[in-house]
Amino acid sequence: MRDLVIVMGVAGSGKTTVGAGLAEAAGWPFVEADAFHPDANRKKMASGTPLTDEDRAGWISAITAHVAQSDAPRMVLACSALTRFVQARLVRDSGRVCRFVWLDVPADALRARMASRAGHFMPVSLLDSQLAALDVPDSAERINAMRPVSELVQMLQEALPSPDPA
């Protein structure tokens, strides 16, 4: 079985930090979903306009094509995966068993985190639209992401079953 651990949540929840930490600690490939956004999506978000599922279609196709071509038994994907549309496409098109891990962070902490990061295309003004769009899958593992990253990584390593080697 090949699987995909999807570290999901809204902007500022720590997806990249936790996902990269998990991948490094476990020796699994890491994929950053933001790297697949076309310039048009980045510009739209930077201007304060939320993406629609139509905007997300090409983005999620590029991610799933990348993930599906890998032979790695397990991969970690940092991806907002806010909507059922994106979640369903990951499940349908990635060629992997998808395991969603939702990084849950209070809105005030999210705002503070977003305000403190420089050079990111996602403005704090889009946080409310992301929270409104967030539709967490019933099967997602909910993680209180206010804990230290090292603790979150260890928790996830313990919670995830070992991937099959083939």
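Residues numbered from 1 in each chain as written. Predicted model: local features only at pLDDT ≥ 70, side-chain atom pairs only at ≥ 80, totals over all residues. Heavy atoms only, no water.

A separate point is the pattern of salt bridges. The full count for this structure, using the stated rule, is nine salt bridges. Of the charged contacts in the structure, one is a salt bridge between Arg99 and Asp3, with a shortest N-O distance of 2.7 Å. In this pair, Arg99 is assigned in strand E4 (residues 97-104) and Asp3 in strand E1 (residues 3-8), connecting sequence segments 96 residues apart. Judged by its relative accessible area of 22%, Arg99 is partly exposed. For Asp3, a relative accessible area of 0% gives the class buried. (Salt bridge = Lys/Arg side-chain N within 4 Å of Asp/Glu carboxyl O. Helix = DSSP H or I, 4+ residues; strand = E, 2+ residues; numbered from the N terminus. Buried < 20%, exposed > 50% of the residue type's maximum accessible area, 1.4 Å probe, protein only.)

Let's shift gears to the packing of aromatic side chains. Enumeration according to the criterion identifies zero aromatic pairs in this entry. Sitting above the plane of the Trp28 ring, Arg74 keeps its charged end 4.7 Å from the centroid. (Phe/Tyr/Trp six-rings, centres within 6.5 Å; stacked < 30°, edge-to-face > 60°. Lys NZ or Arg CZ within 6 Å of the ring centre and 35° of its normal.)

On to empty space enclosed by the protein, then. On inspection of all chains with the given rule, the structure shows one cavity of 30 Å³ or more. Quantified by volume, the largest cavity comes out at close to 30 Å³. Lining the largest cavity, in full, are Lys15, Thr16, Glu32, Ala33, Asp34, Ala78, Cys79 and Ser80. In the lining of the largest cavity, the residues fall into three nonpolar, two polar and three charged. (1 Å grid on protein atoms, 1.4 Å probe; cavity = no way out; pocket = protein on both sides within 12 Å on 5 of 7 lines; lining within 4 Å. Points joined across faces, edges and corners; volume = space filled by probe spheres on them. Nonpolar A, V, L, I, M, F, W, Y, C, P; charged D, E, K, R; others polar.)

Moving on: the layout of surface pockets. Estimates place the volume of the second largest pocket at around 150 Å³. Surrounding the second largest pocket, Cys98, Arg99, Phe100, Val101, Ser139, Glu141, Leu156, Ala159, Leu160 and Pro161 form its lining. Every element with two or more residues in the lining of the second largest pocket is listed here: E4 and helix H7 (149-159). No other element matches E4, which puts four residues into the lining of the second largest pocket.

On to the sheet that holds strand E5 (residues 141-144), then. Taken in spatial order, the five strands line up as E2-E3-E1-E4-E5 in an open sheet, and their pairing is parallel. The open sheet has two free edges, formed respectively by strand E2 (30-32) and E5, since each of these has just one partner strand. The mean inter-strand angle of the sheet, taken between neighbouring strand axes irrespective of direction, is 25°. Pairing of E1 with strand E3 (residues 74-78), which is carried by five bridges, proceeds in the parallel orientation. (Pairing = 2+ DSSP bridges. Axes fitted to C-alpha atoms, helices over the stretch in contact; angles between N-to-C directions.)

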